[in-house]
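Coordinate analysis (summary)
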Amino acid sequence: MYIGKKNQMNLRCFLLWVSCCSLSLLTAQSTQSIPRPQFEATLLPNAPEVDGEILNDPVWQAISPLTDLVQTSPRYGAPVSEKTHIRVAFTDQTFYVAVVCFDQNPEKIVVADSRRDADLNDEDSFLFIIDTYNDQQNGFLFGTNSNGMEYDAQIDREGQGNFNANRQQGGVVGGTNINWDASWTVKTQVGDYGWSAEFAIPLNSIRFTSGKEVTWGINFQRNIAKNTEVAFWASLPLGFDIKRLSLAGKVNGLQLKSPKNLKIIPYALGQNVQTRQGNTQTTTTGDAGMDIKYSLTPGLTLDLTYNTDFAQVEVDEQQVNLDRFNLFFPEKRAFFLENAGQFTVGSPGEVDLFFSRRIGIGDGGELVPILGGARVSGKVGQTNLGLLSMFTQAVGDDIPKTNYSVARVNHDFATSRSSVGGVFVGKSPLDTPGGDDNQVFAMDGKLGIGKKAQITGFVAKSNTPGIVSDDHAFQINGIYNWDGWNIRAGYTEVGEGFNPEVGFLLRSAFKKPDFLIFKQWRPENLGPILEVRPHVSYRSYWNFDNQLISSFLHVDNHWVWPSGFEVHTGINFTQEGVLIPFSISGVTVPRELYKHQELQLVMITNPNQKINLSNRTVIGGYYGGNRIVTSNSINARFGDKFNVALNLNYNQLRLPNGDINAFVGGTRLSYSFTPRMFVQSLIQRNSLSDITSVNARFGWLQNANTGLFVVLNLVEDQSLDIPKQTQFFTVKYTYQIDAL
């Protein structure tokens, strides 16, 4: 069946309706400030001993505690169920936080995971966030559990994700960079009173503005597992978490000096590679390199890297592509993850103008050696700066020696949650100057309307030899988020000639309207159910002949019990316009407009239990046939050191021209000897590519993810005529030298 041109008036009317709805929502909001709690920080003449002892330490007992925490779950607005005492102090070198988490039943304290940066939401834990520039948008998040594990993250744009599919995205893509690792210390103690924690954050590990009377944004969060309870010091409306910095409280009276900071981080490694494909080939190599970190100012840091290596990084999770569009694999390499949010422009995970995986990783996933590079990143006043230049080696005849450059600047307007900025991204092959250059220029911004609403957007242009037209991309979004409501509408357009070669496009050449209407509601008459979340979302993709390529209408409700058990019941209405026949794993999908419906069911058990599971099942039509998709995750913890996570994803497609069965399974095993010594493994099997892989890592951390790493990677490819087995065994040691 031929897909003809659509009437442009329908699309224009829809976009006009979207714009009007967004504008009416935005202009209706009150811009009055919301009272927030605040306190004065205490300057200590001498540094306290950081040992987790709070109750009997005279330094801490001389400071009045913060005690008034308010629940968001399960009893919204009620005081925290267990006493909590928080104290804050500082010296000219360090920022300190001490907390006593009283517990009437300390034997019920839950420790789920002791690995660095493990999720703290499913156990007894304490977190705090500091907005060191008081810009209400960016900050640093720290946390621990009663075992003294270390959790830290860098927060950009209040941790907001991207609405580019039927769910929010996290990680670096979503403005929460949990792979940022700073040098800091936390110690804990457990007793019949509950548990306590003492944090020491060296000021040279974070960025801030120096001065005599400095104010930071700050908030504290306590999780009490036995009650599935979450409480905050600066209370938050439903639907928000601690990353909502525009609603944080304030700590006043900080006296901050510019700290000296020069860190030299050398590494050395040895690697043995063994390949078996008919015969066996073995190579053994050694290498060394170095990173240097120097604070130009308290808010601006220079990073230098030579012979950059990422041998200790966990491998990618395997995926199967059962559609026509690109798969997204997140960045995991530490050098590119630090301050990644400052270089993020576009629609993360869908239209990324800068995607750091283009540096050092070829199109086929092969490693491209990085010679070195430099980065300047940070803040001057309320202006964010980011400069990056990296050089990669040539690989064979296909990949030339290349320079990658990024220049980013944006200014935050602290009192209005607004910003405006621009970015340049360039790629220049050095062996053929001018021949294959690629540049992208863009401007972006956001306009905050009070605390509840925001307009965001960007406009970009690429420059590629041979492409002279339609090389643009832009997006505009209107967002209202308050009191359990999350309403947004937007429009994205990517021109047919737009070519960000150092970026990422989920799909190319499209026009996309989308909207979401979501309500988080806690009625009093639903019996055992704590919360319901009815919502509807829509997105569609059109080409520039106004032909429909894809549309997705999702109608759903989440049913949530006080224990944390959830059931999601949804239905999807999908359309796929196939203009050119394509193949899925050897099965041809003909040219046609396919219209289908799907049933979507999600079940999540209480994550605080020792064994918990989640399941997402989709059953419905697919490209003229039917499909069943089921994604399962089973998590188990044995004591407070050993964790197992089993992921099973199965796709069954019954199409007119053939059937496809695709299975991807993975098992994660983790044992923590201490919060800084661990063994981890990731075992994966992909039936479609017929690849089995094992990634095993031993880590003995010192500071900021440096230390000893022993890594074993095994890959077996059975899809080849002669099966291929590859084994990588690597030993790497990195050491941080604090030169200043």
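Above this text you will find the structure in question.
Procedures and definitions
- Residues numbered from 1 in each chain as written.
- Predicted model: local features only at pLDDT ≥ 70, side-chain atom pairs only at ≥ 80, totals over all residues.
- Heavy atoms only, no water.
- Core = buried A, V, L, I, M, F, W, Y, C linked by side-chain atoms within 4.5 Å.
- Buried < 20%, exposed > 50% of the residue type's maximum accessible area, 1.4 Å probe, protein only.
- Helix = DSSP H or I, 4+ residues; strand = E, 2+ residues; numbered from the N terminus.
- Contact = heavy atoms within 4.5 Å.
- Polar contact = N/O pair within 3.5 Å; in protein donor to acceptor, adjacent residues only side chain to side chain.
- 1 Å grid on protein atoms, 1.4 Å probe; cavity = no way out; pocket = protein on both sides within 12 Å on 5 of 7 lines; lining within 4 Å.
- Points joined across faces, edges and corners; volume = space filled by probe spheres on them.
- Pairing = 2+ DSSP bridges.
- Salt bridge = Lys/Arg side-chain N within 4 Å of Asp/Glu carboxyl O.
- Phe/Tyr/Trp six-rings, centres within 6.5 Å; stacked < 30°, edge-to-face > 60°.
- Lys NZ or Arg CZ within 6 Å of the ring centre and 35° of its normal.

**Considering the nonpolar core**
- Ranked by size, the top nonpolar core spans 40 residues in total, and within it Phe95, Phe126, Phe128, Ile206, Trp216 and Phe220 carry the most contacts.
- Sorting the residues of this core by element identifies strand S4 (84-90), strand S5 (94-102), strand S6 (125-131), strand S7 (139-145), strand S11 (194-202), strand S12 (211-224) and strand S14 (249-256) as the ones contributing at least two each.
- Beyond its immediate stretch of four places on either side in the chain, Phe95 contacts Val88, Ala89, Phe90, Phe128, Ile130, Phe199, Ala200, Ile201, Leu203, Trp216, Ile218 and Leu254.

**Some points on the side chain of Gln274**
- With respect to the secondary-structure elements, Gln274 resides in strand S15 (residues 262-277).
- In this structure the side chain of Gln274 is engaged in a polar contact, spanning 2.9 Å, whose partner is the side chain of Arg276.
- In this view, Gln274 contacts Thr280, Gln281, Thr282, Gln725, Thr726 and Gln727; residues no more than four positions away in its chain are not counted.

**With respect to empty space enclosed by the protein**
- Taken as a whole and assessed by the stated rule, the structure comprises four cavities of 30 Å³ or more.
- Counted as a void, the second largest cavity has a volume near 730 Å³.
- Residue lining of the second largest cavity: 41 residues in total, with Asp181, Ile265, Lys293, Glu338 and Ala704 positioned closest to the centre.
- Those elements giving two or more residues to the lining of the second largest cavity turn out to be S15, strand S16 (279-297), strand S17 (300-306), helix H3 (334-337) and strand S43 (724-734).

**Comments concerning the sheet that holds strand S18 (residues 346-347)**
- Strand order across the open sheet formed by three strands is S18-S19-S28, with antiparallel pairing between neighbours. Either end of the sheet is taken by a strand with one partner, and the two such strands are S18 and strand S28 (504-505).
- With two bridges joining them, S18 and strand S19 (residues 351-352) adopt antiparallel strand pairing. Bridge pairing in S19 links Ser347 to Val351.

**Remarks on the pattern of salt bridges**
- This structure, assessed with the given rule, holds 24 salt bridges.
- Taking the shortest distance from any N to any O, the salt bridge between Lys379 and Asp135 comes out at 2.2 Å. Here Lys379 is found in strand S20 (residues 370-380), whereas its partner Asp135 is found in the loop between S6 and S7, with 244 residues between them in sequence. By the burial criterion, Lys379 is buried, and Asp135 matches it.
- A salt bridge links Arg522 to Glu531, with the nearest nitrogen and oxygen atoms 2.7 Å apart.
- Bridged by salt links that share partners, the residues Arg116, Glu150, Asp152, Asp181 and Arg676 form one connected network.

**Regarding unusual backbone geometry**
- In this model, Ser73 is joined to Pro74 through a cis peptide bond whose omega is 0 degrees.
- In this fold, Pro74 is placed in the loop between strand S3 (70-73) and S4.
- We note that Asn134 has phi near 55 degrees; this positive angle belongs to a residue other than glycine.
- Within the secondary structure layout, Asn134 lies in the loop between S6 and S7.
- Asn134 gets classed as partly exposed once you look at its relative accessible area, which sits at 24%.
- Its identity as a non-glycine residue notwithstanding, Asp470 has a phi of 55 degrees, on the positive side.
- In this fold, Asp470 is placed in the loop between strand S25 (453-463) and strand S26 (472-482).

**Quick look at the packing of aromatic side chains**
- Going through the model one piece at a time under the given rule, you end up with 29 aromatic pairs.
- Pairing Phe102 with Tyr193 gives two aromatic rings, centres 6.4 Å apart and planes at 70 degrees, and the pair type is edge-to-face. On the criterion of sequence distance, the pair formed by Phe102 in strand S5 and Tyr193 in the loop between strand S10 (185-191) and S11 is long-range, its members being 91 residues apart. The burial state of Phe102 is the same as that of Tyr193; both residues are buried.
- Look at Phe208 and Trp216: their rings are 6.5 Å apart centre to centre, the planes differ by 50 degrees, and that puts the pair in the tilted class. Taken individually, Phe208 and Trp216 each receive the classification buried, so the pair is uniform in this respect.
- Between Lys83 and the ring centre of Phe102, over which it is positioned, the NZ or CZ distance is 4.5 Å.
- Between Arg539 and the ring centre of Phe552, over which it is positioned, the NZ or CZ distance is 4.3 Å.

**Topic: the pairing of S6**
- Counting buried residues along S6, seven of its seven residues qualify, which places the element largely inside the surrounding structure.
- With burial as the criterion, each face of S6 is covered, one bearing Ser125, Leu127, Ile129 and Asp131 and the other bearing Phe126, Phe128 and Ile130.
- With six bridges joining them, S6 and S7 adopt antiparallel strand pairing. By the bridge assignment, Ile130 is partnered in S7 with Phe140.
- Summarising the sheet, S6 and S12 pair through seven bridges and their orientation is antiparallel.

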